Amino acid sequence: MSEAMWGGRFTKTVDEMVNEFQASINFDKRMYHEDIAGSIAHAIMLSKCGIISEDDCGAILAGLKDIEGQIEAGEFDFSVDLEDIHMNIEKRLTEAIGEAGGRLHTARSRNDQVALDTHMYVRRETVAVLREILNLQAALVETAKANQDVIMPGYTHLQRAQPILFAHHLLAYFGMLSRDFARFEGVYQRADIMPLGAGALAGTTFPIDRELVARQLNFQQIYGNSLDAVSDRDYIMEFLSAASILMVHLSRLSEETILWCSREFSFVELDDAHCTGSSMMPQKKNPDVSELVRGKTGRVVGHLMAMLATVKGLPLAYNKDLQEDKEGIFDAIDTVKFSLGVYAQLIRGMKVKKEVMRRAVAEDFSNATDLADYLVKKGMPFRQAHAVSGTAVHTCLEKGCYLQDMSLEEYKKLSELFEEDIYEAISPETCVANRNSLGGTSYAQAARQLAAAEELLAAENKLQEELAQKQI
Ligand code: ARG
């Protein structure tokens, strides 16, 4: 008979290489807290339902708490021979308390146990991700607020397009992050369903009380189908998908940060504490944080692809393939939390070079639309005004000047509608202030956005705190 906890029907021990290949302990040990909390709730339920005695339950609870202490003190020896966190803990428990330990797994399978642990782990980490999203959102709001009068060129095709407020640009990322927040809130809902009691796949012959387990572990819902309970990895795919979208947002912000702190743009300067140098070129100051976040985005997207492909062809219910759900999501959790955390620091430490941005706007034609709009407001059809403004740009290019440098006389040659007020109409400040349509870049709209952002932040904070309270 094999020594393994399931060794009864085996005549040989598992091949050493297979043993190592199939073990998950090296990565699933990070769910030890969830495994113990889940086992405590299960044992209490078994005893309340008269399936195990109160004495056995008491011994199990004490033994489990002891084991948790050992793990936290770094005194627990994890064994690859015991495959995973579930069997490592159960085996140690039985060694410590004897027969009672052997009763813990009554009416339970590792299939519903691992599902329970992972749900709880993802639920808790989702709350931690929400916290980090909030932190970065707050950093964006602070920076936008501190730079409300800063004008920069807005781009399309990475060509200067129209002047915008720097705050408006930052608040665009706030908007993306608030959708990320909502997406992770959705992930939370789907992780907040209790699978225990599904047994291996079909339920159990014991008179268990799943509601009691759900209540103890603060689950909002219980899976209504045991096959679904042990096979569902939607919440993991959803986490990875929300994480991928979030990372894509951070990656776009990274690309912009990298451009902005280049000599060519020089719109911002990153804090020395957030950059590194070159081992060869003494002058270098590299935006590594942004580059790494941009780089790590690929990894998170890769984990999503891996998970989708893993689940794609699986028959119900549990298949060992599902063990592959963990390394990807664990890495994605770490990457997302880290990336959000360093980005909040980076934004807070960034020096905004207002004068450089202002010069970039002045030395350009990003007010050409405003020139056309000026004529339209004086009665000219837009298509014709567009052509006049285009001709003005062309004239300037030939002369080597900008629109604000042309004389009124020259303007009059293009259209009689031009008056002295044209110069005021095409100044960057006017260009910005006049874009006062809802959600536009005007000072008034940016102030409105800021107020809305602060209100949303307060509501998100409240929700995050409520969810944090519910964690075991
Ligand atoms: N370590 C496994 C996993 O992560 C636990 C479930 C194993 N169940 C089984 N019947 N082999 O998925």
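That block above? That's the structure.
Residues numbered from 1 in each chain as written. Predicted model: local features only at pLDDT ≥ 70, side-chain atom pairs only at ≥ 80, totals over all residues. Heavy atoms only, no water.

Section: the overall build of the protein chain
Looking only at helices and strands, the protein chain has 20 helices and six strands in total. Over its C-alpha atoms the protein chain spans a radius of gyration of 30 Å, topping by over 25% the 23 Å that the globule rule assigns to 472 residues. Across the 472 residues that make up the protein chain, the buried fraction comes to 50%. Long-range pairs, those at least 24 residues apart, make up 75% of the contacts in the protein chain between residues at least 6 apart in sequence. For the protein chain, the accessible surface area stands at approximately 22,200 Å², while carbon and sulfur atoms represent 52% of it. (Helix = DSSP H or I, 4+ residues; strand = E, 2+ residues; numbered from the N terminus. Rg over C-alpha atoms; globule rule 2.2 N^0.38 Å. Buried < 20%, exposed > 50% of the residue type's maximum accessible area, 1.4 Å probe, protein only. Contact = heavy atoms within 4.5 Å. Areas by Shrake-Rupley, 256 points an atom, 1.4 Å probe, with all protein chains shown as cover.)

Side note on the pairing of strand 2 (residues 159-165)
Looking along a regular strand, one sees side chains alternate from face to face of the sheet. With six bridges joining them, strand 1 (residues 151-156) and strand 2 adopt antiparallel strand pairing. Residue pairing in the sheet places Tyr155 in a bridge with Arg160 of strand 2. The hairpin formed by strand 1 and strand 2 contains two residues between the paired strands, and His157 there has a positive phi angle of roughly 55°. (Pairing = 2+ DSSP bridges.)

Focus: the nonpolar core
Leu136, Phe166, Phe184, Phe239, Phe267 and Leu340 are the most contacted members of the largest nonpolar core, which has 80 residues in total. When contributions to this core are tallied by element, the ones reaching two or more residues are helix 7 (110-146), helix 8 (166-191), helix 10 (226-231), helix 11 (234-260), helix 12 (288-312), helix 13 (325-349), helix 14 (354-362) and helix 20 (443-469). Sequence-distant contacts of Phe267, defined by excluding residues within four places in its chain, comprise Met152, Pro153, Tyr155, Trp260, Lys351, Val352, Lys353, Val356, Met357 and Ala360. By size, the runner-up hydrophobic cluster in this structure holds 33 residues, among which are Ile36, Ile52, Leu104 and Phe219. (Core = buried A, V, L, I, M, F, W, Y, C linked by side-chain atoms within 4.5 Å.)

Here's the deal with the packing of aromatic side chains
Any pair of aromatic rings gets described here by the distance separating the centres and the angle formed by the planes. Enumeration over the complete set of coordinates arrives at 11 aromatic pairs. A centroid spacing of 4.9 Å and a plane angle of 50° characterise the contact between Phe76 and Phe78, whose relative ring orientation is tilted. According to the relative accessible area criterion, Phe76 is buried, its value standing at 7%. An aromatic cluster is defined as three or more aromatic residues linked by ring pairs; in this entry it consists of Tyr374, Tyr411, Phe418 and Tyr423. Cation over ring: Arg9 sits above Phe10, and NZ or CZ is 5.6 Å from the ring centre. When the ring centre of Phe219 is taken as origin, the NZ or CZ atom of Arg123, which lies over that ring, is 4.2 Å away. (Phe/Tyr/Trp six-rings, centres within 6.5 Å; stacked < 30°, edge-to-face > 60°. Lys NZ or Arg CZ within 6 Å of the ring centre and 35° of its normal.)

Side note on the side chain of Arg210
Summarising the element assignment, Arg210 is placed in helix 9 (residues 210-216). Of the buried charged residues, Arg210 lacks a salt bridge, with Asp112 as the closest side chain of opposite charge at 7.0 Å. If sequence neighbours within four positions are ignored, Arg210 has contacts with Met194, Pro195, Leu196, Gly197, Ile222 and Tyr223. (Lys, Arg positive; Asp, Glu negative; His and termini not counted. Salt bridge = Lys/Arg side-chain N within 4 Å of Asp/Glu carboxyl O.)

Comments concerning unusual backbone geometry
Here the amide bond leading from Leu316 into Ala317 is cis, since omega sits at 0°, within 30 degrees of zero. Its location among the elements puts Ala317 in the loop between helix 12 and helix 13. You will see that Glu83, though not glycine, has its phi angle at about 65°, which is positive. Structurally, Glu83 can be placed in the loop between helix 4 (54-72) and helix 5 (85-97). Positioned with a positive phi, His157 is a non-glycine residue whose angle comes to about 55°.

What about the pattern of salt bridges?
A side chain of one charge can pair with a side chain of the opposite charge if their charged atoms are brought near each other. The full count for this structure, using the stated rule, is 28 salt bridges. Arg103 is paired through a salt bridge with Asp56; the nearest N and O atoms lie 2.9 Å apart. With Arg103 in helix 6 (residues 99-103) and Asp56 in helix 4, the pair connects residues that are 47 residues apart, well separated along the chain. Of the residues examined, Arg103 reaches a relative accessible area of 33% and is grouped as partly exposed. By relative accessible area, Asp56 is classed as buried at 18%.

Describing the packing of helix 7 against helix 8
Two elements in contact, helix 7 and helix 8, have axes separated by 9 Å at closest approach and are oriented at 165°. Taken as axis vectors, helix 7 and helix 8 run roughly antiparallel relative to one another. For the crossing formed where helix 7 meets helix 8, the hand is left-handed. Of the residues in the contact of helix 7 with helix 8, the class split is 22 nonpolar, five polar and four charged. (Axes fitted to C-alpha atoms, helices over the stretch in contact; angles between N-to-C directions. Parallel < 35°, antiparallel > 145°, perpendicular 65-115°, else oblique. Left-handed = near helix turned anticlockwise from the far one by under 90°. Nonpolar A, V, L, I, M, F, W, Y, C, P; charged D, E, K, R; others polar.)

Comments concerning the site of the ligand
Taken together, the neighbourhood of the ligand is formed by Ser24, Asp28, Asp84, His86, Arg110, Asn111, Val114, Tyr318, Gln323 and Lys326. Side-chain polar atom of Asp84 to a nitrogen atom of the ligand: 3.0 Å apart, as the coordinates give it. The contact in question runs from a nitrogen atom of the ligand to an N or O atom on the side chain of Gln323, over 2.8 Å. Taken by itself the ligand offers 340 Å² of open surface, and the protein chains cover 86% of this. With three residues, helix 7 is the single largest residue contributor to the shell around the ligand. When the residues that make up the shell around the ligand are grouped by side-chain class, the tally is two nonpolar, four polar and four charged. (Near = heavy atom within 4 Å. Polar contact = N/O pair within 3.5 Å; in protein donor to acceptor, adjacent residues only side chain to side chain.)

Remember that the coordinates give geometry; whether it matters functionally is a separate question.
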